[in-house]
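# What the coordinates show
Below are the chains, spelled out letter by letter.
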Number of protein chains: 2
Amino acid sequence: MKTKLLLAVALIALASTASAQVKPEDAIKWRQSGYAFMAWNMARIKTSVEGTYNKEEVIKAANAIQAIANSGMGALYLPGTDTGTGWEKTRAKPEIWTDKEKIGKAAMAFNKEANEMAKVAATGDTAAAKDQFGKLAATCKGCHDDFKIKQ
Amino acid sequence: MKTKLLLAVALIALASTASAQVKPEDAIKWRQSGYAFMAWNMARIKTSVEGTYNKEEVIKAANAIQAIANSGMGALYLPGTDTGTGWEKTRAKPEIWTDKEKIGKAAMAFNKEANEMAKVAATGDTAAAKDQFGKLAATCKGCHDDFKIKQ
């Protein structure tokens, strides 16, 4: 676990270096886009697990969240993008850059639950999907509480 | 092909009905987010095929594009969202709502090339990836030319 975590932190750092040519405003816009697109897909799963379950809809939504979660968005947290404007002013807290261990742990928890959500969605087990949606949403909320400035 | 196309158009219409409770400004914001997030991932693949090839980077980027392409974004083109503001004023042309056959065809072409990009990325064949990136980018451009208002 500890090794995996250090590896994740190292990969984020490496990715940041590799993307050094990216404009700060683009990096902010792109990460805001990733989260907003996931928000749509979370809303779709929520509609299904709280109302009439639509297996295909949940699969498509869960696959999108999974692929975005695994896309390496850490690379978009370039040094210097703790302030600045993409689509809107960034709401990233400074702790993202100062508490690498905590953010690495949060990112890993989110990825784990996103991967599990896609697996569960494929089975079409509605009770399991509802349960997994709750777990996934909790990792979103946890990260927002710790690392996103409230409006 | 014709049947598939009609099915795609029907599914888009159906999805639109199912998402009728979505706020127009959210629908616009979410579709803008999907495209912007894909733009990042296209940029990453471009960097790889034009410079030092990074297999893992291309796989992650191609998977994200594939999942977004297959997520059913047609549902975000709700009636009445031909005008309005998400992150910014929508640049969708009215033809999206009036030429369903043409937009259906463009969407299918894009999905086909996005699925192929993910397959090719997994092989790590750099020449094939470069070739497929060109084909995929051409479907993006084709759709922008026909359906996106120039800035």
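Residues numbered from 1 in each chain as written. Chains lettered and ligands numbered in written order. Predicted model: local features only at pLDDT ≥ 70, side-chain atom pairs only at ≥ 80, totals over all residues. Heavy atoms only, no water.

### Brief notes about the overall build of chain A
This is how the line gets drawn: For helices the rule is a DSSP run of H or I covering at least 4 residues; for strands it is a run of E covering at least 2, with both sets numbered from the N terminus onward. Here the term buried applies to any residue with accessible area under 20% of the maximum for its type, exposed to any over 50%, and partly exposed to those in between, with areas from a 1.4 Å probe on protein chains only. Here, residues are in contact when the closest pair of their heavy atoms is within 4.5 Å.
A tally of regular secondary structure across chain A gives 6 helices and 0 strands. For chain A, the α and β elements follow one another from N to C terminus as α-α-α-α-α-α. For chain A, buried positions account for 40% of its 151 residues. Looking at chain A alone, contacts between residues at least 24 apart form 76% of all its contacts between residues at least 6 apart.

### Quick look at the environment of Glu25(B)
Residue and element names in this part refer to chain B. Mapped onto the elements of the fold, Glu 25 is located in helix α2 (residues 24-50). For Glu 25 and Arg 91, which are 66 residues apart along the polypeptide, the C-alpha to C-alpha distance reads 13 Å. Setting aside anything within four residues of it in sequence, one finds Glu 25 in contact with Thr 85 and Gly 86.

### Structural notes on the nonpolar core
Stated formally: Among buried residues, those of type Ala, Val, Leu, Ile, Met, Phe, Trp, Tyr and Cys that are joined through side-chain atoms within 4.5 Å constitute a nonpolar core.
With 63 residues, the main nonpolar core has Ile45(A), Ile65(A), Met117(A), Ile45(B), Ile65(B) and Met117(B) as its most contacted residues. Looking at this core, the elements that each hand over two or more residues are α2 (24-50), α3 (55-69), α5 (100-123) and α6 (126-147) of chain A together with α2, α3 (55-69), α5 (100-123) and α6 (126-147) of chain B. Apart from the residues lying within four places of it in its own chain, the contact partners of Met117(B) are Ile45(B), Val58(B), Ala62(B), Ala129(B), Gln132(B), Phe133(B) and Leu136(B).

### A closer look at the relation of the copies chain A and chain B
Note the threshold: The fit set for superposing copies consists of C-alpha atoms from residues with pLDDT of at least 70 in both; the fit itself is least squares.
Mapping chain A onto chain B is achieved by rotating through 180 degrees and translating by 0.0 Å along the same axis, at an RMSD of 0.0 Å. Both copies are brought into coincidence by an operation consistent with a two-fold rotation axis. Judged by C-alpha distance, Ser33(A) is the residue of chain A that lies nearest the rotation axis, at 2.1 Å. The residues that chain A uses at the interface reappear at the interface of chain B in 100% of cases, marking a shared surface.

### Regarding the interface of chain A and chain B
How we decide: Joining two parts hides part of their accessible area as seen by a 1.4 Å probe, and the buried area is that hidden amount summed over both. Any carboxyl oxygen of Asp or Glu within 4 Å of a side-chain nitrogen of Lys or Arg constitutes a salt bridge here. Any N or O atom pair separated by 3.5 Å or less is treated as a polar contact, with the protein-specific requirement of one donor-capable and one acceptor-capable atom, and with residues adjacent in sequence counted only for side-chain atom pairs. Gly falls in the polar group here, along with every residue not listed as nonpolar (Ala, Val, Leu, Ile, Met, Phe, Trp, Tyr, Cys, Pro) or charged (Asp, Glu, Lys, Arg).
Across the contact, 23 residues belong to chain A and 23 residues belong to chain B. Contact between chain A and chain B buries roughly 2100 Å² in total, counting both sides, with carbon and sulfur atoms accounting for 73%. A per-residue breakdown of the area chain A buries against chain B is headed by Phe37(A), Trp40(A) and Trp87(A), which together make up 34% of the total. Where chain A touches chain B, the interface holds 0 salt bridges. At the junction of chain A and chain B, the tally comes to 4 residue pairs in polar contact (both at pLDDT 80 or more). Here the side of chain A that touches chain B takes 10 residues from α2(A), the largest share from any one element. Of the residues that constitute the side of chain A that touches chain B, the class distribution is 11 nonpolar, 9 polar and 3 charged.

### Focus: the state of the cysteines
Residue and element names in this part refer to chain A. Which entries qualify depends on this criterion: Working definition: a disulfide is two cysteine sulfur atoms within 2.5 Å of each other.
Under the counting rule described, the total for this entry stands at 0 disulfides over all chains. Not part of a disulfide, Cys 143 finds its nearest cysteine sulfur in Cys 140, a span of 8.4 Å. Among the residues examined, Cys 143 registers a relative accessible area of 24% and is labelled partly exposed.

### Looking at the pattern of salt bridges
A side chain of one charge can pair with a side chain of the opposite charge if their charged atoms are brought near each other. Residue and element names in this part refer to chain B. Tallying each qualifying case throughout the model produces 14 salt bridges over all chains. Measuring nitrogen to oxygen at the nearest pair gives 3.1 Å for the salt bridge that ties Arg 44 to Glu 57. In this pair, Arg 44 is assigned in helix α2 and Glu 57 in helix α3, connecting sequence segments 13 residues apart.

### A few points about α6(B)
Residue pairs three or four apart in sequence face the same way in an α-helix, which turns once every 3.6 residues. All names here are of chain B. Selection criterion: Expected helix span is computed as 1.5 Å times (number of residues minus one).
Under the 1.5 Å per step criterion, the end-to-end length of α6 is 31 Å for 22 residues, consistent within 8% with the ideal 32 Å. At its buried positions, α6 is contacted by α2, α3, α4 (95-98) and α5. At the N-terminal end of α6, a side-chain oxygen is found 3.2 Å from the backbone nitrogen of Ala 127, two or three residues along, and the residue is Asp 125.

### Focus: the side chain of Glu113(B)
As for its placement among the helices and strands, Glu113(B) is situated in helix α5. Excluding residues within four positions of it along the chain, Glu113(B) makes contact with Gln132(B), Lys135(B), Leu136(B) and Thr139(B).

### Structural notes on the packing of α3(B) against α5(B)
Residues and elements named next belong to chain B. Rule in force here: Simply put, an axis is a line fit to the C-alpha atoms, just over the touching stretch for a helix, and the angle between two N-to-C directions goes from 0 to 180 degrees. Every angle not falling under 35 degrees, over 145, or within 65 to 115 is termed oblique; those three ranges are roughly parallel, roughly antiparallel and roughly perpendicular. For any pair of crossing helices, the crossing counts as left-handed if the nearer helix is rotated counterclockwise from the farther one by less than a right angle, and right-handed if it is rotated clockwise.
Interaxial distance between α3 and α5 falls to 8 Å at its minimum, and their mutual angle equals 155 degrees. The pairing of α3 with α5 is recorded here as roughly antiparallel in orientation. The interaxial crossing formed by α3 with α5 has left-handed handedness. Within the contact between the two elements, α3 uses Lys 55, Val 58, Ile 59, Ala 62, Asn 63, Ile 65, Gln 66 and Ala 69 and α5 uses Phe 110, Asn 111, Ala 114, Asn 115, Met 117, Ala 118, Ala 121, Ala 122 and Thr 123. Its residues assigned to classes, the contact of α3 with α5 shows 11 nonpolar, 5 polar and 1 charged.

### Comments concerning the packing of α2(A) against α3(A)
All names here are of chain A. Two elements in contact, α2 and α3, have axes whose closest approach is 9 Å; the angle formed by their N-to-C orientations is 150 degrees. Classed by the angle they form, the pair α2 and α3 counts as roughly antiparallel. For the element pair α2 and α3, the recorded crossing hand is left-handed. For the pair α2 and α3, contact is made by Gly 34, Phe 37, Met 38, Asn 41, Met 42, Arg 44, Ile 45 and Ser 48 and by Glu 57, Val 58, Lys 60, Ala 61, Ala 62, Ala 64, Ile 65, Ile 68 and Ala 69, respectively. Class assignment for the residues of the contact of α2 with α3 results in 11 nonpolar, 3 polar and 3 charged.

In short, geometric facts, not functional conclusions.
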